[in-house]
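# Results of the structural survey
Listed below are the residues making up each chain.
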Amino acid sequence: MSYSDPIPLVDLKAQYATIRGEVDAAIAGVVESASFILGPAVREFEDSFARYCGAAHCVGVSSGSAALELSLRVLEVGPGDDVVTVAHTFIATAEAISAVGARPLFVDIDPRTYTMEPQALERAITPATRAVIPVALYGQPADMEAICAIARKHGLPVIDDAAQAHGACFGGRRSGVLADVSCFSFYPGKNLGAYGDAGAIVTDDAQIAEGVRLLRNHGRREKYVHAVAGFGERLDTLQAAVLSAKLPHLEAWVAARRRIAARYMRLLDGAPVTLPWVHPCAEPAWHLYVIGVEPHLRDGLIAHLRHAGIEGGVHYPLPLHLQPAYAHLAYRRGDLPVTEDVAARCVSLPIYPELSEAQQDRVVAALRDFLENGTA
Ligand SMILES: *Cc1c(COP(=O)(O)O)cnc(C)c1O
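Residues numbered from 1 in each chain as written. Predicted model: local features only at pLDDT ≥ 70, side-chain atom pairs only at ≥ 80, totals over all residues. Heavy atoms only, no water.

## Side note on the site of the ligand
Test applied: Being near a molecule or strand, for a residue, means having at least one of its heavy atoms within 4 Å of it. Between N or O atoms, a polar contact is any pair within 3.5 Å; within protein, one atom must be a potential hydrogen donor and the other a potential acceptor, and residues adjacent in sequence are included only when both atoms are from side chains. Using a 1.4 Å probe, the Shrake-Rupley method yields the accessible areas, and only the shown protein chains count as cover for residues. Each helix is a run of H or I in the DSSP string that is no shorter than four residues. Each strand is a run of E no shorter than two, and both are numbered from the N terminus.
Surveying the vicinity of the ligand reveals 15 residues, the closest of which are G64, S65, D161, S185 and K190. One of the side-chain nitrogen or oxygen atoms of Q164 is found 2.8 Å away from an oxygen atom of the ligand. Contact distances for the ligand include 3.1 Å between an oxygen atom and a side-chain N or O atom of K190. For the ligand, whose accessible area on its own is 390 Å², the fraction buried by protein is 93%. Taken together, the elements giving at least two residues each to the shell around the ligand come down to α3 (64-74) and α4 (92-99).

Structure below.
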């Protein structure tokens, strides 16, 4: 690798190079078995991922979005219902709410953690509220103790959008057991990524697990007997085999992300940027490492990084309450001040387990160069 090789936000080729034999064998195993729909490979991954999370059940589905939508359907959330969530997230969180005919009710985030502000949740609850979806954004769980306590008081189920949080902990417990049901995405760039679309729900609740199991596979318990009208949202068997090959590495990958995040913290100490803040109960999985800069500097910084061969990102530039897709909800700029401020300042730096110290040094040098000397 030469000094000037590009440094992407996430490097899936570098990861494949370290696990090629295991992944290729897993894929070949499915192809040779000619069992492509559900079957033992899917069950095997579900069992191991449930065990990894410390949960009783895992049900594989076709994506993180499907996990969220099917969870809402099993909880019988639908038209006329409100679901409280945040606007500083990927749109899939809110799309699931829209997909079941319910209305997303966006609340503001904590200015330190960028996750759902528990007091804002409490204030937003009305008789129409039917569920709560906090998001473990960038891999840091929301304050799940406070959020679940408020939800319990009002009899509301909590669905954890843990799409970015494989391996994260809150209060010493893994993402997957922090809510009534947790939704994971195995989109390729996630901390545990498939080689295509994939997702899962994780829960201790046997009824929720059975409900999602039924809905994901056309509502059937037998081949041509359909208990309910469901969906074709199964976890693909090839993807399950890839995920089983990768899961034994997840702990080491999360540990590497934690080392890289800690090193960014040290190297950027004193720089004129806002560094990520970690809740004392949280151990983030560092899906993203996001700093805050003055809004008027952001475009210039990203261009400067690009010149240095470094990919920077913005997760996410336009909060959901201001998206054209949600114009009908009639939110205005100013409604969620913390969300809007963070959306204007956030910059994601490269972080992935294979990122070397030399590469990280280049990222930090380019960042400091910009902040201290302006554009190159
Ligand atoms: C990736 C992601 C999703 C959606 O997952 P898909 O597998 O792409 O459908 C949902 N929520 C968040 C916060 C995500 O990052």
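## Some words on the sheet that holds strand β6 (residues 169-170)
Selection rule: When DSSP finds two or more bridges between a pair of strands, those strands are recorded as paired.
An order of β7-β6-β12 is seen for the 3 strands of this open sheet, with the pairing classed as antiparallel. At either end of the open sheet lies a strand with only one pairing partner, and these are β7 (173-174) and β12 (282-283). Bridge count between β6 and β7: 2 bridges; the pairing is antiparallel. The residue bridging C169 from the neighbouring strand is R174, located in β7.

## Regarding the pairing of strand β3 (residues 103-107)
The criterion, for reference: Exposure is judged per residue with a 1.4 Å probe applied to protein chains only, and the accessible area is read against the type maximum: over 50% gives exposed, under 20% gives buried, and values in between give partly exposed. The handedness of a crossover follows from its direction of travel: if, with the strands pointing away from the viewer, the path from the first strand over the helix to the second runs clockwise, the crossover is right-handed.
For β3, the buried fraction is high: 4 of the 5 residues fall into the buried class. Here strand β2 (residues 82-86) pairs with β3 via 5 bridges, running parallel. Among the inter-strand pairings, D82 is bridged to a residue of β3, identified as R103. Viewed along the sheet, the connection from β2 through α4 into β3 turns out right-handed.

Nothing here speaks to function; it is geometry throughout.
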